[in-house]
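# Reading the structure
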Amino acid sequence: MPRRVRRPLALLVAPALLIPALAACGSDDADSGAGLEAVEVSGAVGEPPQVTWGDDFSATADPEVETVVAGDGPELAADGDALVHYWIGNGYDESEALSTYTSLPEVVDLADEQLTEVFSTALEGATVGSRIAASVVAEEVVGPSGNSQLGISNADPLLLVFDVLGPDSVDEPYAEEGTGFAPDLVLDEDGKPESMRFKDRPRPTGRLQVQVVVEGDGEVVKKSDVVMVDYLGSVYAKPKPFDGSYDGDPLVQSLSGLVPGWQEALAGKTVGSRVWMALPPRFGYGASGNEGAGIKGTDTIYFLVDILARAPKPVQPEPEETEEPQEPEQPQQPQQSGSSQPSPSADASESPSDDES
């Protein structure tokens, strides 16, 4: 079953009683030098920023914000979510303190009253596809005790870079009557899907079926991408869904980490699209099913998916260099590794799909 990932900004504010304070190693004069004028931020949106530091970089308690690249996507809603990659550099020693580019981008709740001010200031009114730079003194981000885990003192000048990756919107209202193989939808009072109705609708064919009911005009999704989606999942002919996100947080996950049917159905589709899929067992959870979700090994599962955003495959961190790597004393044996994906052993490419888009 797809997992919802919502990683809090817990690393930034450390409990004062658990992490000892760092001695202030930044400049005592927060107004000396220059802020964003003293740094150059380059690189493509969605990829780790390239930062050139100036000698007089500094920061104040009031965030300084500058749009490096203006995106042409929709404007972020003040009370909505933002899918962002962000990078934090410590101007004191010109080091990288924290980056999300080696993992999943983060869903930031812009309506959260506890959101760090520099995040809300930088992201408020931003458009999808933008890269934004901000500077602020570290105490405003990590608190008066600093953060030893990140190597940040409370007086250090910080540079933050935000890439706004989503969400886009799927503007079409949800159709209650299914078309093609798709079941009917039951909508809640806000017009969002809450369940599927299979009565008098076509039975499963035993093949992977994919239908695009709304075609977005955003970027094309690749199998190697991270996707942000809203979705509803139900077993054929069962009245209660086994999972969904329309009433909660969207799913953010690497497409390659999801069941084969999702990979086949969503790769090649565009952001802003709405997609129906019917997954026979070999494209879902295989012959073993998913007991926790009440899915048997013979069940066909249906998903309605809204593609809200995509991000490139996470950048793999460079391996640490060792001074004198030693040869192993004995030949290494091949390791057996099990997959953490809930995917069947059958090759998904063996069965064609019914694409009714």
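In the block above lies the structure referred to throughout.
What this report covers is the structure whose coordinates are included nearby. In this text, all values refer to a predicted model and were calculated from it rather than measured experimentally.

Glancing now at the environment of T270. Here T270 shows up in the loop between α3 (260-266) and β15 (274-279). Residue T270 is classed as buried on the basis of its relative accessible area of 14%. Sequence separation between T270 and E215 is 55 residues; the distance between their C-alpha atoms is 7.0 Å. Setting aside chain neighbours within four positions, we find T270 in contact with E215, G216, D217, G218, E219, V220 and I307.

For S254, the location among the structural elements is in strand β14 (residues 251-254). Classification of S254 as buried rests on a relative accessible area of 15%. Once residues within four sequence positions are removed from consideration, S254 is found in contact with L104, D225, V226 and P314.

A separate point is the pairing of strand β9 (residues 184-187). Sheet topology note: the β9/strand β10 (residues 193-197) ladder contains 4 bridges and is antiparallel. Counterpart to D184 in the pairing with β10 is R197. Hairpin geometry of β9 and β10 is characterised by an intervening segment of 5 residues between the two adjacent antiparallel strands and by a positive phi of about 80 degrees at G191.

Time to look at unusual backbone geometry. Of the consecutive residues G166 and P167, the connecting peptide bond is found in the cis state with omega at 10 degrees. Among the secondary structure elements, P167 is positioned in the loop between β8 (157-166) and β9. In this model, D200 sits at a positive phi of 65 degrees, which is unusual for a non-glycine residue. Relative to the elements of secondary structure, D200 occurs in the loop between β10 and β11 (208-214). Among the residues examined, D200 registers a relative accessible area of 73% and is labelled exposed. A positive phi angle, near 70 degrees, is found at A237, a position not held by glycine. When you line up the elements, A237 lands in the loop between β12 (226-235) and β13 (243-244).

Further remarks concern the pattern of salt bridges. Considering all chains together, one arrives at 5 salt bridges under this definition. Of the charged contacts, one joins K223 and E264 as a salt bridge, the two residues approaching to 2.9 Å between their closest N and O atoms. With K223 in the loop between β11 and β12 and E264 in helix α3, this residue pair connects regions lying 41 residues apart in the sequence. It is possible to trace a salt-bridge network through shared partners that takes in E219, D225 and R310.

Scanning the entire structure with this criterion turns up 14 aromatic pairs. On the basis of an interplanar angle of 75 degrees and a centroid distance of 5.3 Å, the ring pair of W53 and F57 is categorised as edge-to-face. Here W53 matches F57 in class, with each residue buried. Taking the centre distance of 5.6 Å and the plane angle of 85 degrees together, the rings of Y174 and Y246 count as edge-to-face. Note that Y174 is positioned in the loop between β8 and β9 and Y246 in the loop between β13 and β14, a separation of 72 residues in sequence. Each member of the pair, Y174 as well as Y246, is classed as buried.

What follows concerns a negative patch on the surface. Residues E37, D55, D56, E64, E66, D93 and E94 make up a contiguous surface patch of negative charge. One can find E66 in strand β3 (residues 64-69). The exposure class of E66 is partly exposed, given its relative accessible area of 41%.

Thresholds applied
- Residues numbered from 1 in each chain as written.
- Predicted model: local features only at pLDDT ≥ 70, side-chain atom pairs only at ≥ 80, totals over all residues.
- Heavy atoms only, no water.
- Helix = DSSP H or I, 4+ residues; strand = E, 2+ residues; numbered from the N terminus.
- Buried < 20%, exposed > 50% of the residue type's maximum accessible area, 1.4 Å probe, protein only.
- Contact = heavy atoms within 4.5 Å.
- Pairing = 2+ DSSP bridges.
- Salt bridge = Lys/Arg side-chain N within 4 Å of Asp/Glu carboxyl O.
- Phe/Tyr/Trp six-rings, centres within 6.5 Å; stacked < 30°, edge-to-face > 60°.
- Patch = residues over 30% accessible without salt bridge, like charges linked within 9 Å, V, L, I, M, F, W, Y side chains within 5 Å.
- Areas by Shrake-Rupley, 256 points an atom, 1.4 Å probe, with all protein chains shown as cover.
- Lys, Arg positive; Asp, Glu negative; His and termini not counted.
- Charge placed at Lys NZ, Arg CZ, Asp CG, Glu CD.

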